[in-house]
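# Commentary on secondary and tertiary structure
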Amino acid sequence: MYTNKDITVFTFVNGKCKRTEIKKVFWTESIDRVTTDKGIKHHTTATVYVPLSSRPDKFSLNVGDIVIKGIVREV
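Residues numbered from 1 in each chain as written. Predicted model: local features only at pLDDT ≥ 70, side-chain atom pairs only at ≥ 80, totals over all residues. Heavy atoms only, no water.

## Description of unusual backbone geometry
The condition is simple: Secondary structure elements follow DSSP: runs of H or I of four or more residues count as helices, runs of E of two or more count as strands, with numbering from the N terminus.
Located in the positive-phi region is Asn14, a residue other than glycine, with phi close to 50 degrees. Here Asn14 is to be found in the loop between β1 (5–13) and β2 (16–36). We note that Lys58 has phi near 55 degrees; this positive angle belongs to a residue other than glycine. With respect to the helices and strands, the residue Lys58 is situated in the loop between β3 (39–49) and β4 (66–69).

## Some words on the packing of aromatic side chains
Our working definition: Two aromatic rings, drawn from Phe, Tyr or Trp (for Trp, its six-membered ring), form a pair once their centres lie within 6.5 Å of each other, and the interplanar angle then sorts them: stacked below 30 degrees, edge-to-face above 60, tilted otherwise.
Evaluation of the coordinates by the stated rule reveals 2 aromatic pairs. Relative to Phe26, the ring of Tyr2 has its centre 6.1 Å away and its plane inclined at 65 degrees; by these criteria the two rings are edge-to-face. In this pair, Tyr2 is assigned in the segment before β1 and Phe26 in strand β2, connecting sequence segments 24 residues apart. Connected via pairs of aromatic rings, a cluster forms that spans Tyr2, Phe26 and Tyr49.

## A short note on the sheet that holds β3
Counted only if it meets this: Strands qualify as paired when DSSP identifies two bridges or more between them. Geometry is summarised by axes, namely lines fitted to C-alpha atoms with helices restricted to the contacting stretch, and by angles between N-to-C directions that run from 0 to 180 degrees.
A sheet is described by the order of its strands in space; here 4 strands give the open sequence β3-β2-β1-β4, paired in antiparallel fashion. The sheet is open, and its two edges are formed by β3 and β4, each paired on a single side. Taking each pair of neighbouring strands and ignoring which way they run, the sheet shows an average axis angle of 45 degrees. Pairing of β2 with β3 involves 11 bridges; the strand directions are antiparallel. Bridge pairing in β3 places Glu29 opposite Ala46.

## Looking at the nonpolar core
For clarity, the cut-off: In this description, a nonpolar core means a group of buried Ala, Val, Leu, Ile, Met, Phe, Trp, Tyr and Cys residues linked to one another through side-chain atoms lying within 4.5 Å. Burial classification: accessible surface area is computed with a 1.4 Å probe over protein chains only, and a residue below 20% of its type maximum counts as buried, one above 50% as exposed, and the rest as partly exposed. The contact criterion used is simple: two residues touch if any of their non-hydrogen atoms lie within 4.5 Å.
Formed by Ile7, Val9, Ile22, Val25, Trp27 and Phe59, the largest nonpolar core amounts to 6 residues. For this core, the secondary structure elements donating two or more residues are β1 and β2. Per element, the largest residue contribution to this core is 3 residues, and it comes from β2. Aside from chain neighbours lying at most four places away, what touches Ile7 is Thr20, Glu21, Ile22, Val25, Trp27, Val48, Val67, Ile68, Lys69, Gly70 and Ile71.

If you want it as structure tokens, here you go:
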């Protein structure tokens, strides 16, 4: 698999935030633009594939978790 980015995932469990760095993932994004009578609207979609070889042990994503392109050291 072609890997082009590193990501940072913020997982929330029991009111606490855990930061996880994952290196060598495939990140692709698209931006849709729609012109309406009120102006231009943008909709950005990102798709991220994490190879098994890059996945940390016992890692999973849940609704409400935040995925950021790049390595973020501090919030």
